[in-house]
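# Observations on chain architecture
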Amino acid sequence: DTGVSQNPRHKITKRGQNVTFRCDPISEHNRLYWYRQTLGQGPEFLTYFQNEAQLEKSRLLSDRFSAERPKGSFSTLEIQRTEQGDSAMYLCASSLSRRSHEQYFGPGTRLTVT
Amino acid sequence: DQQVKQNSPSLSVQEGRISILNCDYTNSMFDYFLWYKKYPAEGPTFLISISSIKDKNEDGRFTVFLNKSAKHLSLHIVPSQPGDSAVYFCAASARETSGSRLTFGEGTQLTVNP
């Protein structure tokens, strides 16, 4: 399977705990994006990388959120001190920079904070 | 503020008939528009796109129409098939002001009845 993969698919955590998600993009894609989707809404942009550089962050990305893409391949998204409002589907997407609008999404990680 | 809006949460059509999904936007800087399809437990899948310099783009059974003066786009699926049943998201991008971020609508659940 050469699509975008995300791990874990589901995560249940207690409020206040830290969680980390991983995204593996399509191998030749140099751009990687993180979105968040809540029930009844479309995905909302969080941040994106071109290679290892984080080029844009949404104001939705509070200081409890941090994303990395250390070698320009896979990426991690960490949420510290989770809150119930962080419960959502976290989607990763990748694209080529010359076709950046055509983003290919992974299956997502569903986070539930209890 | 909801810059991309899909006013119909659901649409039901008969197999073989035309499905028309609508989307309105408010940001005049948007210059690229996309439709994504999403099945349960999967990430959104890119379907078709259109640049603001065009008013129509066709790909097989799928056609997207753009009316810039009305800030409105629509997706036509003809003939509709039961396998088209999914949530459809409209998305937009403003290349100059926001790079590659996509702004999504809330989605429309399409059900195609056999």
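### Some remarks on the overall build of chain B
- A count of helical and extended segments in chain B gives one helix and eleven strands.
- N-terminal to C-terminal, the α/β element order of chain B is β-β-β-β-β-β-β-β-β-α-β-β.
- At 14 Å, chain B has a C-alpha radius of gyration in line with the 13 Å of a compact globule built from 114 residues.
- Across its three principal directions, the C-alpha atoms of chain B cover 45 × 30 × 20 Å.
- Within chain B, the proportion of its 114 residues that are buried is 48%.
- For chain B, the share of sequence-separated contacts (at least 6 apart) that also reach a separation of at least 24 residues comes to 55%.
- With 11 positive and 11 negative side-chain charges, chain B shows a spacing of 1 Å between the two charge centroids.

### Things to note about the nonpolar core
All names here are of chain B.
- Among the nonpolar cores identified, the biggest contains 24 residues, and Phe 33, Trp 35, Leu 73, Leu 75 and Tyr 88 are the most heavily contacted of them.
- Looking at this core, the elements with two or more residues in it are strand E3 (19-25), strand E4 (32-38), strand E5 (45-51), strand E7 (62-67), strand E8 (72-77), strand E9 (86-93) and strand E11 (108-113).
- For this core, the element with the most residues is E9, which contributes four residues.

### Quick notes on unusual backbone geometry
- Put simply, Asn 7 of chain A and Pro 8 of chain A share a cis peptide bond, and its omega is -10 degrees.
- Take Pro 8 of chain A: it is sitting in the loop between strand E1 (5-7) and strand E2 (10-13).
- Residues Val 78 of chain B and Pro 79 of chain B are joined by a peptide bond in cis, for which omega reads -10 degrees.
- Relative to the elements of secondary structure, Pro 79 of chain B occurs in the loop between E8 and E9.
- A positive phi angle is found at Ala 41 of chain B, which is not glycine, with a value near 65 degrees.
- Tracing the sequence through the fold places Ala 41 of chain B in the loop between E4 and E5.
- Positive phi, normally seen in glycine, also occurs at Lys 71 of chain B, with a value near 50 degrees.

### Regarding the pattern of salt bridges
- Tallying each qualifying case throughout the model produces six salt bridges over all chains.
- The shortest N-O distance in the salt bridge between Arg 64 of chain A and Asp 86 of chain A comes to 2.8 Å. In this pair, Arg 64 of chain A sits in the loop between strand E6 (53-57) and strand E7 (65-68) while Asp 86 of chain A sits in the loop between strand E8 (75-79) and strand E9 (88-95), placing the two residues 22 residues apart along the sequence. Neither residue differs from the other here; Arg 64 of chain A and Asp 86 of chain A are each classed as buried.
- Ionic pairing is found between Lys 5 of chain B and Glu 106 of chain B, a salt bridge with its closest N-O pair at 2.8 Å. Taken together, the residues Lys 5 of chain B in strand E1 (residues 4-5) and Glu 106 of chain B in the loop between strand E10 (103-104) and E11 connect sequence positions 101 residues apart.
- Among the residues examined, Glu 106 of chain B registers a relative accessible area of 15% and is labelled buried.

### Observations regarding the interface of chain B and chain A
- With 22 residues of chain B at the contact, the number on the chain A side is 22 residues.
- The contact between chain B and chain A buries some 1,700 Å² in all, and 53% of this surface belongs to carbon and sulfur atoms.
- Applying the counting rule to chain B against chain A returns one salt bridge.
- Taking the shortest distance from any N to any O, the salt bridge between Arg 101 of chain B and Glu 56 of chain A comes out at 2.8 Å.
- Applying the counting rule to chain B against chain A returns five residue pairs in polar contact (both at pLDDT 80 or more).
- Elements represented by at least two residues in the side of chain B that touches chain A include exactly E4, E5, E9 and helix H1 (95-98) of chain B.

### Quick notes on the state of the cysteines
- Counted according to the given criterion, the structure contains two disulfides over all chains.
- Note that Cys 23 of chain A is cross-linked by a disulfide to Cys 92 of chain A, the S-S spacing being 1.8 Å. Here Cys 23 of chain A and Cys 92 of chain A share a disulfide; its torsion about the S-S bond, -65 degrees, makes the bridge left-handed. Of this pair, Cys 23 of chain A sits in strand E3 (residues 19-24) while Cys 92 of chain A sits in strand E9, and the two are 69 residues apart along the sequence. With respect to burial, Cys 23 of chain A and Cys 92 of chain A carry one shared label: buried.
- Two residues, Cys 23 of chain B and Cys 90 of chain B, share a disulfide whose sulfurs are 2.1 Å apart. Around the S-S axis, the bridge from Cys 23 of chain B to Cys 90 of chain B shows a dihedral of about -70 degrees and counts as left-handed. On the criterion of sequence distance, the pair formed by Cys 23 of chain B in strand E3 and Cys 90 of chain B in strand E9 is long-range, its members being 67 residues apart.
- With relative accessibility at 0%, the residue Cys 90 of chain B sits in the buried group.

Rules behind the numbers
Residues numbered from 1 in each chain as written. Chains lettered and ligands numbered in written order. Predicted model: local features only at pLDDT ≥ 70, side-chain atom pairs only at ≥ 80, totals over all residues. Heavy atoms only, no water. Helix = DSSP H or I, 4+ residues; strand = E, 2+ residues; numbered from the N terminus. Rg over C-alpha atoms; globule rule 2.2 N^0.38 Å. Buried < 20%, exposed > 50% of the residue type's maximum accessible area, 1.4 Å probe, protein only. Contact = heavy atoms within 4.5 Å. Lys, Arg positive; Asp, Glu negative; His and termini not counted. Charge placed at Lys NZ, Arg CZ, Asp CG, Glu CD. Core = buried A, V, L, I, M, F, W, Y, C linked by side-chain atoms within 4.5 Å. Salt bridge = Lys/Arg side-chain N within 4 Å of Asp/Glu carboxyl O. Buried area = accessible area lost by both parts, 1.4 Å probe. Polar contact = N/O pair within 3.5 Å; in protein donor to acceptor, adjacent residues only side chain to side chain. Disulfide = S-S within 2.5 Å.

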